[in-house]
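Structural description and commentary
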Amino acid sequence: MFKPLLLSAVTLASLAFGTAAGLATTGLVLQPSGHAQSTGAWAVSPDSLNLNSHGGTRTHVCPPGGSAHTIWGAGDYTSDSSICTAAVHAGHINFANGGRVTIQINQGLSSFAGATWNGVTSHSYGSWPRSFRVLGAQFVQPARVIGADTNLIDLGIAGQAGSVHSFICPPLGSVTTTIWGDGVYTSDSAICAAAVHAGRITASSGGRVSIDVSGGRQSYTGAFRNGVASQQYGPWSASFSFR
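Just so it is clear, the structure is predicted and the values come from calculations on it, not from any experiment. Numbers given for residues are sequential positions, taken from 1 along each chain in its written order. Restriction of local features to residues with pLDDT of at least 70 applies here, the model being predicted, together with a cutoff of 80 or more for giving and counting side-chain atom pairs; totals for whole chains, interfaces and linings are based on all residues. The basis for the side-chain values is all heavy atoms of the structure; hydrogens and waters are excluded.

1. Side note on the packing of aromatic side chains
For Phe, Tyr and Trp, where Trp contributes only its six-membered ring, two rings pair if their centres lie within 6.5 Å, and the inter-plane angle classes them as stacked under 30 degrees, edge-to-face over 60, or tilted in between. Summed over the entire model, instances satisfying the criterion amount to seven aromatic pairs. Ring geometry for phenylalanine 240 versus phenylalanine 242: centroids 5.7 Å apart, planes at 85°, classification edge-to-face. Only protein chains enter the accessibility calculation, which uses a 1.4 Å probe. A residue is then buried if its area is under 20% of the maximum for its type, exposed if over 50%, and partly exposed in between. Residue class for phenylalanine 240 comes out buried when judged on its relative accessible area of 0%. Aromatic rings pair up to connect Tyr185, Phe240 and Phe242 into one cluster.

2. Looking at the sheet that holds strand E8 (residues 144–145)
Paired strands, in this sense, are two strands between which DSSP finds at least two bridges. Runs of E in the DSSP output that reach at least two residues are strands. Runs of H or I that reach at least four are helices, and both are numbered from the N terminus. With mixed pairing, six strands are arranged side by side in an open sheet as E8-E9-E12-E15-E11-E10. Each end of this open sheet is capped by a strand with a single partner; those strands are E8 and strand E10 (181–182). Summarising the sheet, strand E9 (residues 164–169) and strand E12 (residues 207–217) pair through six bridges and their orientation is antiparallel. Counterpart to serine 166 in the pairing with E12 is serine 210.

3. Observations regarding the sheet that holds strand E4 (residues 99–109)
Read from one edge of the open sheet, five strands run E1-E4-E7-E3-E2, paired in antiparallel fashion. Only two strands of the sheet have a single partner each, and these edge strands are strand E1 (57–62) and strand E2 (73–74). As paired strands, E4 and strand E7 (residues 128–138) are joined by nine bridges and run antiparallel to one another. The residue bridging threonine 102 from the neighbouring strand is glycine 136, located in E7.

4. Here we look at unusual backbone geometry
One non-glycine residue, asparagine 118, adopts positive backbone phi at about 50°. If you check the backbone angles, asparagine 226 has positive phi at about 50° while not being a glycine. Mapped onto the fold, asparagine 226 is located in the loop between strand E13 (224–225) and strand E14 (228–229). For asparagine 226, a relative accessible area of 53% translates into the label exposed.

5. Focus: the pattern of salt bridges
Whenever a carboxyl oxygen of Asp or Glu lies within 4 Å of a side-chain nitrogen of Lys or Arg, that contact is scored as a salt bridge. Enumeration over the complete set of coordinates arrives at five salt bridges. Close ionic contact of aspartate 212 with arginine 100 constitutes a salt bridge, the shortest N to O distance being 3.7 Å. On the criterion of sequence distance, the pair formed by aspartate 212 in strand E12 and arginine 100 in strand E4 is long-range, its members being 112 residues apart. The burial state of aspartate 212 is the same as that of arginine 100; both residues are buried. In this structure, the salt-bridge partner of arginine 243 is aspartate 212, at a minimum N-O distance of 2.5 Å. In this pair, arginine 243 sits in the segment after strand E15 (236–242) while aspartate 212 sits in strand E12, placing the two residues 31 residues apart along the sequence. A residue is classified by how much of its surface remains accessible, and aspartate 212, at 16% relative accessible area, is buried. The network of salt bridges with common partners includes Arg100, Asp212 and Arg243.

6. Things to note about the confidence of the model for the chain
Confidence per residue, as judged by the predictor, is encoded in pLDDT with a range of 0 to 100. The pLDDT averaged across the chain works out to 83; a share of 83% of its residues lies at or above 70. Contacts were defined at the residue level, with two residues in contact if any of their heavy atoms lie within 4.5 Å. A low-confidence stretch, residues 1–39 (pLDDT under 50), is modelled with 50 contacts involving residues beyond four sequence positions or located in other chains.

7. Some details on the state of the cysteines
Disulfide: a pair of cysteine sulfur atoms within 2.5 Å of each other. One pass over the structure, following the stated rule, counts two disulfides. Two residues share a disulfide in this structure: cysteine 169 and cysteine 192, whose sulfurs sit 2.2 Å from each other. For the disulfide bridge between cysteine 169 and cysteine 192, the dihedral angle about the S-S bond is near -95°, and by the sign convention the bridge is left-handed. Of this pair, cysteine 169 sits in strand E9 while cysteine 192 sits in helix H5 (residues 191–197), and the two are 23 residues apart along the sequence. Summarising the burial analysis for this pair, cysteine 169 and cysteine 192 share the class buried. Sequence-ordered numbering of the bonded cysteines in the chain gives a disulfide pattern of 1-2, 3-4.

Printed below as a string of structure tokens:
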């Protein structure tokens with residue numbers, strides 16, 4: 001859904017003749033809706049994720065080094081506002097470090113007041129059918145360079161279920177390390193080899209990946225994907241998957 005732009009007769013006439021004179025005269029500032037913003041995690045809104053269940057919650061990762069995108073409201077934000085920018089505005093994270101943000105989807109309001117908080121200016125708007133609030137955030141660890149065979153056990157994070165981590169994998173050339181699982185991998189599987197298997201990076205280039213650490217499973221399915229064969233396995237105490 002896009003916010004309608006209420007243009008004056010003078011502005012409409014100017015636009016019809018292909019000029020910007022009407023905009024300059026009226027001082028109208030065209031603000032894109034959340035759907036019109038550039039792609040990327042920092043531009044994501046609840047609407048772009050098709051979140052419309054009132055009272056439902058969702059966690060979204062805002063990577064480090066973000067930039068501001070348009071938001072409407074203060075505390076309560078329109079559902080096409082940038083989740084990450086709203087989290088900065090509300091004081092839960094900052095652009096430099098980002099974080100894992102949890103929001104709650106709520107019913108719409110008859111009006112949304114703009115405000116400047118924490119160095120971010122939000123815009124005012126009238127009635128909008130859905131809104132959201134930022135419930136909280138967790139810091140996401142900066143990406144660290146790991147080796148081709150590094151796994152969660154090596155890093156000492158296999159027991160940190162619920163945590164999010166980012167890594168930079170080197171070019172692998174070819175994948176020779178054994179991994180177990182398909183989509184969800186055992187904690188002793190090499191992270192970079194699993195990333196190739198999951199299609200997040202290529203063996204020739206490597207690259208940055210983000211993972212969710214989770215608890216163990218009773219079984220892990222093997223599969224051949226992206227030139228990499230993974231093995232099946234039974235119960236294992238800890239797992240990970242890619243974001």
